[in-house]
Amino acid sequence: GDSVTQMEGPVTLSEEAFLTINCTYTATGYPSLFWYVQYPGEGLQLLLKATKADDKGSNKGFEATYRKETTSFHLEKGSVQVSDSAVYFCALGNTDKLIFGTGTRLQVFP
Amino acid sequence: KAGVTQTPRYLIKTRGQQVTLSCSPISGHRSVSWYQQTPGQGLQFLFEYFSETQRNKGNFPGRFSGRQFSNSRSEMNVSTLELGDSALYLCASRLEIGANEKLFFGSGTQLSVL
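The paragraphs below set out a description of the structure included in this document. Please read all numbers here as calculations on a predicted model, not as lab measurements.

**Re the overall build of chain A**
Turning to step 1, where the next piece is worked out: Each helix and strand counted, chain A has zero helices and 12 strands in total.
Turning to step 2, where the next piece is worked out: Reading chain A from its N end, one meets helices and strands in the order β-β-β-β-β-β-β-β-β-β-β-β.
Turning to step 3, where the next piece is worked out: Taken against the 2.2 N^0.38 rule, which gives 13 Å for 110 residues, the C-alpha radius of gyration of chain A at 13 Å falls within 12% of a compact globule.
Turning to step 4, where the next piece is worked out: With respect to the principal axes defined by its C-alpha atoms, chain A has extents near 45 × 25 × 20 Å.
Turning to step 5, where the next piece is worked out: Partitioning the contacts of chain A with sequence separation of at least 6, the portion at a separation of at least 24 is 56%.
Turning to step 6, where the next piece is worked out: When the accessible area of chain A is evaluated, it comes to approximately 5300 Å², of which 48% is carbon and sulfur surface.
Turning to step 7, where the next piece is worked out: For chain A, the separation between the mean place of its 9 positive charges and that of its 12 negative charges on side chains is 5 Å.

**Quick look at the sheet that holds strand E3 (residues 19–21) of chain A**
Residue and element names in this part refer to chain A.
Turning to step 1, where the next piece is worked out: Taken together, the four strands give an open sheet; going across it, the order is E3-E9-E8-E7, and neighbouring strands pair in antiparallel fashion. Two strands bound the open sheet, and with one partner strand each, they are E3 and strand E7 (56–59). Direction aside, neighbouring strands of the sheet carry axes that sit 20 degrees apart on average.
Turning to step 2, where the next piece is worked out: Across four bridges, the pairing between E7 and strand E8 (residues 62–65) is antiparallel. Among the inter-strand pairings, Gly57 is bridged to a residue of E8, identified as Ala64.

**Quick word on the layout of surface pockets**
Turning to step 1, where the next piece is worked out: Roughly 600 Å³ of internal volume is contained in the largest pocket.
Turning to step 2, where the next piece is worked out: Lining the largest pocket are 27 residues, with Val87 and Arg105 of chain A together with Gln37, Thr38 and Pro39 of chain B positioned closest to its centre.
Turning to step 3, where the next piece is worked out: Only strand E10 (86–94) and strand E12 (104–109) of chain A together with strand E4 (31–38) and strand E9 (87–94) of chain B provide two or more residues apiece to the lining of the largest pocket.
Turning to step 4, where the next piece is worked out: At three residues, the largest contribution of residues to the lining of the largest pocket is made by E10 of chain A.
Turning to step 5, where the next piece is worked out: For the lining of the largest pocket, the residue count by class is 10 nonpolar, 13 polar and four charged.
Turning to step 6, where the next piece is worked out: Lining the second largest pocket are 18 residues; nearest its centre among them are Leu98 and Ile99 of chain A together with Gln44, Phe45 and Gly58 of chain B.
Turning to step 7, where the next piece is worked out: Within the residue set of the lining of the second largest pocket, elements represented by two or more residues are strand E11 (97–100) of chain A together with E4 and strand E5 (42–50) of chain B.
Turning to step 8, where the next piece is worked out: Here the residues of the lining of the second largest pocket are counted per class, giving eight nonpolar, five polar and five charged.

**Some thoughts on the side chain of Gln6 of chain B**
Residue and element names in this part refer to chain B.
Turning to step 1, where the next piece is worked out: Relative to the assigned elements, Gln6 resides in strand E1 (residues 5–7).
Turning to step 2, where the next piece is worked out: What makes Gln6 buried here is its relative accessible area of 9%.
Turning to step 3, where the next piece is worked out: Only 2.9 Å separates the side chain of Gln6 from the backbone nitrogen of Cys91, close enough to count as a polar contact.
Turning to step 4, where the next piece is worked out: The contact partners of Gln6, leaving out residues within four places of it in the chain, are Ser22, Cys23, Trp34, Tyr89, Leu90, Cys91, Gly106, Ser107, Gly108 and Thr109.

**Focus: the interface of chain B and chain A**
Turning to step 1, where the next piece is worked out: Opposite the 20 residues of chain B that make contact, chain A presents 19 residues.
Turning to step 2, where the next piece is worked out: Roughly 1400 Å² is buried in total at the junction of chain B and chain A, and carbon and sulfur atoms are behind 54% of that figure.
Turning to step 3, where the next piece is worked out: At the boundary of chain B with chain A, the tally comes to zero salt bridges.
Turning to step 4, where the next piece is worked out: The tally of links from chain B across to chain A stands at two residue pairs in polar contact (both at pLDDT 80 or more).
Turning to step 5, where the next piece is worked out: Contributions of two or more residues to the side of chain B that touches chain A are made by E4, E5 and E9 of chain B.
Turning to step 6, where the next piece is worked out: Among the residues making up the side of chain B that touches chain A, the classes are represented as seven nonpolar, nine polar and four charged.

Criteria and thresholds
Residues numbered from 1 in each chain as written. Chains lettered and ligands numbered in written order. Predicted model: local features only at pLDDT ≥ 70, side-chain atom pairs only at ≥ 80, totals over all residues. Heavy atoms only, no water. Helix = DSSP H or I, 4+ residues; strand = E, 2+ residues; numbered from the N terminus. Rg over C-alpha atoms; globule rule 2.2 N^0.38 Å. Contact = heavy atoms within 4.5 Å. Areas by Shrake-Rupley, 256 points an atom, 1.4 Å probe, with all protein chains shown as cover. Lys, Arg positive; Asp, Glu negative; His and termini not counted. Charge placed at Lys NZ, Arg CZ, Asp CG, Glu CD. Pairing = 2+ DSSP bridges. Axes fitted to C-alpha atoms, helices over the stretch in contact; angles between N-to-C directions. 1 Å grid on protein atoms, 1.4 Å probe; cavity = no way out; pocket = protein on both sides within 12 Å on 5 of 7 lines; lining within 4 Å. Points joined across faces, edges and corners; volume = space filled by probe spheres on them. Nonpolar A, V, L, I, M, F, W, Y, C, P; charged D, E, K, R; others polar. Buried < 20%, exposed > 50% of the residue type's maximum accessible area, 1.4 Å probe, protein only. Polar contact = N/O pair within 3.5 Å; in protein donor to acceptor, adjacent residues only side chain to side chain. Buried area = accessible area lost by both parts, 1.4 Å probe. Salt bridge = Lys/Arg side-chain N within 4 Å of Asp/Glu carboxyl O.

Laid out in structure tokens, this is it:
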């Protein structure tokens with residue numbers, strides 16, 4: 001069945017460091033791919049999305065490119081801030097279901 | 001526009017008890033989904049309701065059940081609680097099934113089973 005695999009956390013970075021959180025997927029058909037973010041004490045919010053191969057989603061300095069050849073959707077940011085500390089979830093949407101990865105906690109220190 | 005509202009925010013129960021969680025979707029949204037979030041398993045899909053009918057179901061035992069009312073509000077019930085049911089339960093709403101990019105989450109109900 002469809003699945004999403006994320007890198008284990010926590011990812012610990014200093015402010016202004018470069019961020020990569022790896023995400024790979026297994027799916028039939030042509031799913032849409034998403035990154036959600038969960039700040040402490042809150043629910044999940046959609047961060048960015050890509051609906052087809054080679055699409056790049058971007059928001060708030062974060063980017064991810066839908067790579068069909070490597071079945072990946074890695075999240076990147078050039079310079080992280082303390083306020084980016086949160087849990088990040090990769091997800092795929094196929095027909096009417098959303099399937100999430102296990103989440104990766106990011107901790108950014110000043 | 002009010003967001004997805006979940007009540008209560010925190011719950012403490014003991015093994016063997018039952019619990020009911022409530023979710024009010026965004027106005028106009030007819031689909032409500034429930035997820036269980038635990039540190040080790042991430043988000044696991046429980047079920048989705050649309051127009052008072054269960055449309056999708058995850059791989060959870062029958063102790064987990066839900067329903068949706070005519071105003072789209074939804075409740076989730078867990079009977080005979082076990083320690084492993086301790087988790088953050090998230091509700092999400094969307095306008096219709098299939099609108100994956102327009103899924104909105106509530107802040108969750110943190111359930112602790114002692």
